[in-house]
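Each chain, written out:
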Amino acid sequence: MKRQLHLNLFIHSRGHHEASWRHRGSSPLPLTDIRYYQDLAQRAETALFDSLFLADQLALGGDVSQAPRTWLEPITVLAAVAAATSRVGLIATASTTYTEPFNLARQFGSIDHISNGRAAWNIVTSWLATAAENYGGTGQVSHADRYARGEDFMEVVKALWDSWATDAVVDDRTDGIYARTDRIRAINHRGDFYHVAGPLNLPRCPQGRPVLVQAGSSDTGRRFAARHADAVFTAHMAKATAQEFYADLKRLAAAEGRLPEHVLILPGLSPMIAATEAEAQRLAREVNDLTDPEVGRKRLSGRFGGHDFSHLPLDRPLVPEDFPDPGLVQAARSRTEVIINLVRRDKPTLRQLLGYLAGARGHYVTAGTPDQIADFIEDWFQDGAADGFNIMPPLLPAQLDVFRARSDPDPPAAEVVPD
Ligand SMILES: Cc1cc2nc3c(=O)[nH]c(=O)nc-3n(C[C@H](O)[C@H](O)[C@H](O)COP(=O)(O)O)c2cc1C
């Protein structure tokens, strides 16, 4: 069977580059204006993206004075974006650690109804240490406990989405029968973390359940993805590690009794694209020049669970010993390994490392012509590294529009002039 390449648009701030929000080429709309998201979604739909994706974190970032660290709640955004589009898939992030499965099953079930079957959930366990302080204040839940709770959570939501049969709603006005109770069943779940009676208080959604997306990269995270995910996001700075991840996840999916081709693997790619390579690189430098290394230093500290990097000079080559042992990091462990591997391989200074991470936080960053980027995409797709890409435009909307064919009409855009 012919394989199909999948492209997802990852919407983040005014672009994925840390300084995009300051760049004159990025959107003038406030990041709290729903027209910004509706407009991007319509552009993505016109450019034939499979889906769009909104990430989420459950605490305000410490660098808000120099970086836009506020965003609208993603499931709420999906509802508004669903009403402004008709084909593009809609992926929002929600945490298994800090919400109840009954809430989540209702929310994504509702989005699936509102969008006529386009809802998808990016399942996260929330690695950010400060999030714990907003939910009960008992401190960071360990990596192992987060995934154990996540497994129980998945059992509950899947059972809730299955608690209504497709034909449960009769809506018979003549005989006065709205629903057949023999087609709706309780779930009576009693797990280690959740006791949930069910059934859901919402008829079965068009897809049966939302598409499930996941981005675990640790051993536990990969097994979780192999069991549950239809699509997997992942971050790589080199093709070799992407190939290793791809092969491992397909193997794990097969071990779970699933068809490997049913688990799509989408590495992140942040390309700066222009008519010539020199122009693409000039644009990349122009955005990089707007970064502040101290913002990057704070963000790096967050990645390593709050580790203090304030003593490290900016211009001495780094060594792995400058970082805490990834095995002891309770946050996003795999990304810390990506960073330390880069340090081991390239020996960058802190300034250089922060410059690279400013591009897309540890995902693959590149600059080139449309042909060069298309060749890159094709190479990873053909060579066992990807089933498609999680496209992370460094500047929005300009670096999304480069994916539209010249002949594409302008989308019936929401008004994009700021108030
Ligand atoms: C593209 C991508 C998007 C992610 N989005 C989020 C997010 O929105 N919120 C979050 O808490 N974690 C997010 N993560 C982190 C993952 O859920 C996961 O915690 C991380 O990749 C580390 O894997 P591990 O938890 O198995 O160590 C994302 C990861 C990737 C690669």
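Note that the structure is a prediction, hence the values are computed from the model and not measured.

**Brief notes about the packing of aromatic side chains**
Okay, step 1: Scanning the model with the defined rule gives 18 aromatic pairs in all.
Okay, step 2: When the centroid spacing of 5.9 Å and the interplanar angle of 50° are considered together, the rings of Trp380 and Phe389 count as tilted. Across the pair, Phe389 and Trp380 agree in class, each one buried.
Okay, step 3: Lying over the aromatic face of Phe381, Arg3 brings its terminal NZ or CZ to 3.9 Å of the ring centre.

**Structural notes on the pattern of salt bridges**
Note on pairing: side chains with opposite charge can pair once their charged atoms come close.
Okay, step 1: In this structure the tally under the stated criterion is 26 salt bridges.
Okay, step 2: The partner of Lys250 in a salt bridge is Asp387, with the nearest N and O atoms 2.9 Å apart. In this pair, Lys250 sits in helix α7 (residues 239–255) while Asp387 sits in the loop between α12 (370–382) and β13 (388–391), placing the two residues 137 residues apart along the sequence. Each member of the pair Lys250 and Asp387 is classed as buried.
Okay, step 3: Taken together, the shared-partner salt bridges connect Arg24, Glu279, Arg282 and Glu286 into one network.

**Overview of the pairing of strand β5 (residues 169–172)**
Okay, step 1: In terms of strand pairing, β5 meets strand β6 (residues 177–179) through two bridges, oriented antiparallel. Within β6, the position partnered with Val169 by the bridge is Ala179.
Okay, step 2: Linking β5 back to β6 in an antiparallel pair, the connection comprises four residues, with Gly176 at a positive phi of about 70°.

**Observations regarding empty space enclosed by the protein**
Okay, step 1: Under the definition given, this model contains three cavities of 30 Å³ or more.
Okay, step 2: Of the volumes computed, that of the largest cavity is approximately 160 Å³.
Okay, step 3: Forming the walls of the largest cavity are 13 residues, and the residues nearest its centre are Ile11, His12, Ser13, Tyr37 and Trp71.
Okay, step 4: Grouping the constituent residues of the lining of the largest cavity by class yields ten nonpolar, three polar and no charged.
Okay, step 5: Here the second largest cavity is characterised by a volume of approximately 90 Å³.
Okay, step 6: The wall of the second largest cavity is formed by 14 residues, among which His12, Ser13, Glu18, Pro68 and Arg299 lie closest to the centre.

**Notes on the nonpolar core**
Okay, step 1: Residues Leu52, Trp121, Trp161 and Phe389 are the most contacted members of the largest nonpolar core, which totals 60 residues.
Okay, step 2: The element contributing the most residues to this core is helix α5 (residues 143–161), with seven residues.
Okay, step 3: Discounting residues that sit within four places of it in the chain, Leu52 has contacts with Asn8, Leu9, Ile11, Ala41, Leu78, Val81, Val88, Gly89, Leu90 and Ile91.
Okay, step 4: Among the nonpolar cores identified, the runner-up in size contains 18 residues, and Leu300, Phe309, Val329 and Leu350 belong to it.

**What about the packing of α5 against helix α6 (residues 219–228)?**
The relative placement of two packed helices is expressed as an angle between their axes plus a distance between the axes.
Okay, step 1: Where α5 contacts α6, the axes come no closer than 10 Å and their chain directions differ by 10°. As the angle between them shows, α5 and α6 are arranged roughly parallel. When α5 is examined against α6, the residues His143, Tyr147, Gly150, Glu151, Met154 and Lys158 are found in contact with a partner set consisting of Thr220, Gly221, Phe224, Arg227 and His228.
Okay, step 2: Considering only residue class, the contact of α5 with α6 consists of three nonpolar, five polar and three charged.

**What to know about the environment of Ser218**
Okay, step 1: Mapped onto the elements, Ser218 comes out in the loop between β9 (211–214) and α6.
Okay, step 2: Here the alpha-carbon distance between Ser218 and Asp308, two residues 90 residues apart in the chain, equals 23 Å.
Okay, step 3: Sequence-distant contacts of Ser218, that is, excluding residues within four places in its chain, are made with His143, Tyr147 and Ser334.

How each quantity is defined
Residues numbered from 1 in each chain as written. Predicted model: local features only at pLDDT ≥ 70, side-chain atom pairs only at ≥ 80, totals over all residues. Heavy atoms only, no water. Phe/Tyr/Trp six-rings, centres within 6.5 Å; stacked < 30°, edge-to-face > 60°. Buried < 20%, exposed > 50% of the residue type's maximum accessible area, 1.4 Å probe, protein only. Lys NZ or Arg CZ within 6 Å of the ring centre and 35° of its normal. Salt bridge = Lys/Arg side-chain N within 4 Å of Asp/Glu carboxyl O. Helix = DSSP H or I, 4+ residues; strand = E, 2+ residues; numbered from the N terminus. Pairing = 2+ DSSP bridges. 1 Å grid on protein atoms, 1.4 Å probe; cavity = no way out; pocket = protein on both sides within 12 Å on 5 of 7 lines; lining within 4 Å. Points joined across faces, edges and corners; volume = space filled by probe spheres on them. Nonpolar A, V, L, I, M, F, W, Y, C, P; charged D, E, K, R; others polar. Core = buried A, V, L, I, M, F, W, Y, C linked by side-chain atoms within 4.5 Å. Contact = heavy atoms within 4.5 Å. Axes fitted to C-alpha atoms, helices over the stretch in contact; angles between N-to-C directions. Parallel < 35°, antiparallel > 145°, perpendicular 65-115°, else oblique.

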